[in-house]
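# Structure at a glance
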Amino acid sequence: RLEGREVVQDDFEPLTYYRGSISVPATGEYYEVVVVMLLGMGNDEAAVSTVRVIERWHPAYILMVGIAGGVPGKVALGDVVVSDFVYYYEPAKRTPKGDQRRAQQFLSDRLLYGRALAYEAGEWRSDITIARPGAAQADVPFPKAYFGAIGSGEKVIADARALSRLLKECPRLLAVAMEGAGVARAAAQQPHPPPFI
């Protein structure tokens, strides 16, 4: 989707940057965009890469885009989840009776979240040319957008009991991923923190 895409590979820098622009059809304006793919999974990898992006490019905004595991019954395969906040569930105190979670929340920038919430343009829908995974023919073929919390931890959650415990702690949880807390923490701890979502 980037117009005028340029591949940027700096000496001694392991990350490859993809630089280009995205136009806003309704206004004719455009945003200069730099995209980077993480070299691995997890919050540590995301934090290190986010710091590198901030130091190299000095972005006005940070958008973390990725793949998350949706909460069954709340979202379906292929849906889009926009994060109101990142729920970092890993911090805990280990006791003889079990772990006492000391979760942290990283609030998405209110301007970015508000704009995402109000976004109505649908020109991207024409780019979807295949059926939604697992969708019946009668279903709407396009993904739906949901707004709420995205959990972030160091492990893929593939256990219904673990997910159930997370939902009790954070009922607004819609999806779980492994990088959001790293991006949020790295952005928030800068001298002049760029807004993130």
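Below is a short write-up of the structure. Once a new chain begins, its residue numbering starts again from 1 and follows that chain's sequence as written. The predicted origin of the model limits local features to residues at a pLDDT of at least 70 and limits the giving and counting of side-chain atom pairs to 80 or more, whereas totals for whole chains, interfaces and linings rest on all residues. The basis for every side-chain value is the complete set of heavy atoms in the structure, and neither hydrogens nor water enter the calculation.

Attention now goes to the pairing of strand β9 (residues 145-152). Sheet analysis places strand β5 (residues 80-88) next to β9, joined by eight bridges and oriented parallel. Directly across from Y88, in β9, lies its bridge partner S152. Pairing between strands is defined by DSSP: at least two bridges between the two strands are required. Helix numbering and strand numbering both begin at the N terminus, where a helix is a DSSP run of H or I of at least 4 residues and a strand a DSSP run of E of at least 2. Bridging between β9 and strand β10 (residues 173-177) involves four bridges; their strand directions are parallel. Bridge pairing in β10 links G151 to V176. Regarding the hand of the β-α-β motif, the stretch spanning β9, helix α3 (residues 160-169) and β10 is right-handed. If you view a crossover with the strands going away from you and the path from the first strand over the helix to the second runs clockwise, you call it right-handed.

To continue, consider the sheet that holds strand β3 (residues 30-36). One open sheet accounts for three strands, arranged β1-β2-β3; its pairing is antiparallel. Single-partner strands in this sheet number two, and they are β1 (3-8) and β3. Across this sheet, the average inter-strand angle for adjacent strands is 20°, counted without regard to direction. Where strand β2 (residues 17-23) meets β3, seven bridges bridge the pair, whose relative direction is antiparallel. Pairing of I22 across the sheet is with Y31, part of β3. The contact criterion used throughout is that any non-hydrogen atoms of two residues lie within 4.5 Å. The axes are straight lines fitted to the C-alpha atoms, using for helices just the contacting stretch, and the angles between their N-to-C directions are given from 0 to 180°. The strands touched by helix α1 (residues 43-57) are β1, β2 and β3; relative to β2, the strand with the most contacts, the crossing angle is about 70°.

This part covers the pattern of salt bridges. We count a salt bridge whenever a side-chain nitrogen from Lys or Arg sits within 4 Å of a carboxyl oxygen from Asp or Glu. Counted by the stated rule, this structure contains nine salt bridges. With a shortest N-O distance of 2.7 Å, R19 and E32 are connected by a salt bridge. Placement of the pair is R19 in strand β2 and E32 in strand β3, with a sequence separation of 13 residues. Judged by its relative accessible area of 29%, R19 falls in the partly exposed class. R101 is the partner of E169 in a salt bridge, and the nearest nitrogen-oxygen pair spans 2.7 Å. Exposed residues in this analysis have more than 50% of their type's maximum accessible area, buried residues have under 20%, and partly exposed residues fall in between, with area computed by a 1.4 Å probe over protein chains only.

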